[in-house]
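Inside the fold
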Amino acid sequence: MKRSGRVLVIDDQPQVAEALARLAPDVDLIEVRHGADSRRFARSWSEAAPLLEGRRAPEAVVLDLRFDLPDQELLPDARPLGETAAGKRLRRERRERQGLFILERLRRRRPDLPVLLTTAYEDIAFEEEALRLKADAFTYATPEEETSGAGIVAALRRILAERDVPPRTGRFFWGSSLAMRELRRRVSALAPTPMPLLITGPTGTGKSLLVRDVIHPLSGRSGAFVPFDCATVPDGLLSSALFGALRGSFTGAIADRAGVFEAAADGTLFLDEVENLTGDAQKMLLTALHDGRIRRVGSATETPHTARVVAASNADLGRQVGQAQFRSDLLMRLNPSLALEIPRLAERREDMPELARATAGSFFADPRHGRAIAALVRAAGGPEPDGPIVLALSEPAASRSESSVVFVLPGKAWAAMERHPWPGNVRQFEMVIADSIAAAVYAGAGASLDRSGHALIPLDARMLFDLLAGARAGEAGGSERWVLDRPKSPSVALFRRDLERAALRALFQETGGDFERMAELMTGSRREARAVRLRFNKLGLSARGER
Amino acid sequence: MSRSASEAAARLRHDLGKYIRFSAPETIEADTAALRERLRVDVASTRRTESSALSAVEVYDQWRRAEAESFPPGGTLAEIIERLGRTIEEIRWLSAEIDGLDRPGLERLDALTLVVATECRALARAAKS
């Protein structure tokens, strides 16, 4: 029988272990030696502790809360408590909280080991502890209606199933780092609720993919997923784009038009870069979230809306509130305390190997690329590729691979990638991997066959280093030389101002007046286009005058 | 409610409410022998250690003796405890005869275990609020 996972039961009573043995024979219960006998549960911390590490370490723990044990087996210090009133009181308290003491010790050694409490949160008498347990991403309580043997087995099965989830949901990459597993659990809890959500994280971490491929499908909503980029719509059109407009309400409104709120009825409205909303649009959005009603531009009547709003930002909205650029009441409506923050790739480097292989896997799965790879292998005298094509992250890893076609990323280049800061995060990493594989397929040195007949296709280390260097240049805002006319100004302050004017003018000419491109040249990202345009105008320049 | 009442109620919910139907399936066993065996395990050996076992009635009696003072007379908590006490009395009588109970008697005992589980939960909730 296929084993579903190794589980350690920590309980002073046998019922939970018996229920698991009876109802889930596929679960591998860890045995505890007890003299000549053995049983399938540890009845105290001293019995459980030695079993937490090593080759047979548990993949999940089932833990009771209350333990009727003698003093010398009770945490925190196993000392005799005597029969005085104080001793009896302390004994009772230790027994009531023994599961919490055990969990605390366990977390010091295995911070991310899933632990299922056989008690519902509602049944934990200690409020503070219950709140702390809820905050621990890897501690689960049995649902209130499921505290029977069958319910505990069902809850455990759900936890064990979480281990086997694929690294991607749609195009969103999770990986298996602690931070992302925690995020995954929070997303699972929050996605099905109707409340507005805020997604934060730097550019390239996958905020919009998270909403499109994970949160919207998990929400169970029947309507559409409607993305709306708050940075790209001109200020004057923001309100009508969001809430719709009646014919004739402004110049160019030649017919009644629905806004994105209406398009997302019963679905999810994703407001990307929400920090770019104008003051008026922020106010209208606040009303929509607060009252659940919207009003088309030019209309006197409000109508209810059914869109669930998910906003994303890579700005520090708290700071923007402090600078009066973002409404504090709107931020509050977006539930900032529940904000889902996607960490930078550099904060979860342990996910990089899996991300590299997943990116390569997506590339290889494209039939067009598959045909080109097969042609490379045939040209080297190899057979038609059979089985999965893989990416090896070093030469030794390639020689150990059993796949018939192996792309080889040179170990030195991979080491550099592992150290790289990746300011463009997952998106930038995926581009570097995909571009270097594409170069190897379509413009590389071809394949060679090893002694076992495996086709090896090397990635060009120099190109990888160039891609990384290019990324660095982008981080620094570009390192190209740039010649400007030297301004003649009566003061340092004016010189600085004139220099900035000259720079923006030159960029305007270079890009043909494309503010997004200007922002990209200045910062490496098009996201600041609005800020660039505002600055351009503030310096007394006008697009019409410069053209 | 007082902290001691809340903790005492949580203790009863854990020791009695959770285990008195621990092996119960979603729907009652069609097989009378299986039903009798499950009730024997859950009601007669509700709290077990390696060396001893306490029945549901014994768990309740012990709890009552130890915790009587934690609950004020009158009010919601006292009413729930009163109802629990009456249910436990009927269980005491039926479980003593478990080997000779016919199907309706076993079904009655099963229904009483459900009442105990529900009342224990209600007591814990009321004591917490």
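Relevant structure appears above.
Residues numbered from 1 in each chain as written. Chains lettered and ligands numbered in written order. Predicted model: local features only at pLDDT ≥ 70, side-chain atom pairs only at ≥ 80, totals over all residues.

A look at the overall build of chain A
As a reminder, the rule being used: The helix and strand labels rest on DSSP assignments: H or I over at least four residues marks a helix, E over at least two residues marks a strand, and numbering proceeds from the N terminus. Using C-beta atoms placed from the backbone, we call a residue buried if 20 or more other C-beta atoms fall within 10 Å of its own, exposed if 12 or fewer do, and partly exposed for counts in between. In this description, a residue-residue contact is defined by the distance between C-beta atoms placed from the backbone, which must lie within 7 Å.
A count of helical and extended segments in chain A gives 22 helices and 20 strands. Looking at chain A as a whole, 35% of its 547 residues qualify as buried. Pairs at least 24 residues apart make up 68% of the contacts formed inside chain A by residues separated by at least 6 positions.

Re the overall build of chain B
When helices and strands are counted, chain B shows five helices and two strands. Listed N to C, the secondary structure of chain B is α-α-β-β-α-α-α in terms of helices and strands. Across the 129 residues of chain B, 38% fall into the buried class. Counting only contacts in chain B whose residues sit at least 6 apart along the sequence, the fraction spanning at least 24 positions is 72%.

Focus on the nonpolar core
Here is the rule: Joining buried Ala, Val, Leu, Ile, Met, Phe, Trp, Tyr and Cys residues through C-beta atoms within 7 Å gives a set, and that set is a nonpolar core.
Ile199(A), Phe407(A), Val408(A) and Leu409(A) are the most contacted members of the largest nonpolar core, which totals 81 residues. In terms of residues, this core owes the most to one element, helix 17 (residues 425-443) of chain A, which gives seven residues. The next biggest cluster of nonpolar side chains, apart from the first, holds 67 residues, and it includes Ile124(A), Leu16(B), Val43(B) and Ala127(B).

A word on the interface of chain B and chain A
Note the following rule: Charged means Asp, Glu, Lys or Arg here, nonpolar means Ala, Val, Leu, Ile, Met, Phe, Trp, Tyr, Cys or Pro, and polar covers whatever is left, Gly included.
On the chain A side, the residues contacting the 19 residues of chain B number 17 residues. Elements with a contribution of two residues or more to the side of chain B that touches chain A: helix 1 (3-17), strand 1 (47-48) and helix 5 (103-128) of chain B. Counting residues per element, the side of chain B that touches chain A draws most heavily on helix 1 of chain B, at six residues. Residues of the side of chain B that touches chain A, tallied by class, amount to six nonpolar, four polar and nine charged.

Focus: the packing of helix 1 (residues 15-23) of chain A against helix 5 (residues 149-163) of chain A
All names here are of chain A. Operational definition: Note on method: axes are straight lines fitted to C-alpha atoms, helices fitted across the in-contact stretch only, with angles between N-to-C directions ranging 0 to 180 degrees. For this classification, under 35 degrees means roughly parallel, over 145 means roughly antiparallel, 65 to 115 means roughly perpendicular, and everything else is oblique. It is the rotation of the near helix from the far one that decides the hand of a crossing: anticlockwise by less than a right angle makes it left-handed, clockwise makes it right-handed.
The N-to-C vectors of helix 1 and helix 5 enclose an angle of 70°; their axes lie 9 Å apart at closest approach. By the angle between their directions, the pair helix 1 and helix 5 is classed as roughly perpendicular. For the crossing formed where helix 1 meets helix 5, the hand is right-handed. Contacts from Gln-15, Val-16, Ala-19, Leu-20 and Leu-23 in helix 1 reach Gly-149, Ala-150, Ile-152 and Val-153 in helix 5. Residue composition of the contact of helix 1 with helix 5, by class: seven nonpolar, two polar and no charged.

So, the sheet that holds strand 6 (residues 115-117) of chain A
Residues and elements named next belong to chain A. For the record, the criterion: For two strands to be treated as a pair, DSSP must find at least two bridges joining them.
An order of 2-1-5-6-7 is seen for the five strands of this open sheet, with the pairing classed as parallel. Taken across any chain shown, the strands that pair with only one partner, and hence form the sheet edges, are strand 2 (27-29) and strand 7 (139-141). For this sheet, the mean inter-axis angle between neighbouring strands, taken without regard to orientation, is 30°. Two strands pair when backbone bridges link them, and strand 1 (residues 5-10) and strand 2 are joined in this way by three bridges, in the parallel orientation. Looking at strand 2, one finds that Gly-5 is bridged to Val-27.

Topic: the sheet that holds strand 20 (residues 455-458) of chain A
All names here are of chain A. The strand order across the open sheet built from four strands is 17-18-20-19, with neighbouring strands paired in mixed fashion. Where the open sheet ends on each side, the last strands, each with one partner, are strand 17 (389-392) and strand 19 (448-449). The pairing of strand 19 with strand 20 spans two bridges and is classified as antiparallel. Counted as the bridge partner of Ser-448 is Leu-456 from strand 20.

Side note on helix 20 (residues 515-523) of chain A
The α-helix advances 3.6 residues per turn, and as a result positions three or four apart in sequence lie on the same side. Put simply, the rule reads: This arc corresponds to the set of directions leading from the helix axis out to the C-beta atoms.
Of the residues making up helix 20 of chain A, those classed as buried are Phe515(A), Met518(A) and Ala519(A). Across the axial projection of helix 20 of chain A, the buried residues extend over an arc of 100°, all falling on one side.

Concerning the environment of Leu75(A)
All names here are of chain A. Assignment of secondary structure puts Leu-75 in the loop between strand 5 (60-63) and helix 3 (85-109). Residues Leu-75 and Ser-46 lie 29 residues apart in sequence; the distance between their C-alpha atoms is 9.1 Å. Beyond its immediate chain neighbours, meaning those up to four positions away, Leu-75 contacts Trp-45, Gln-98, Phe-101, Ile-102 and Arg-105.

Honestly, it's all geometry; don't read function into it.
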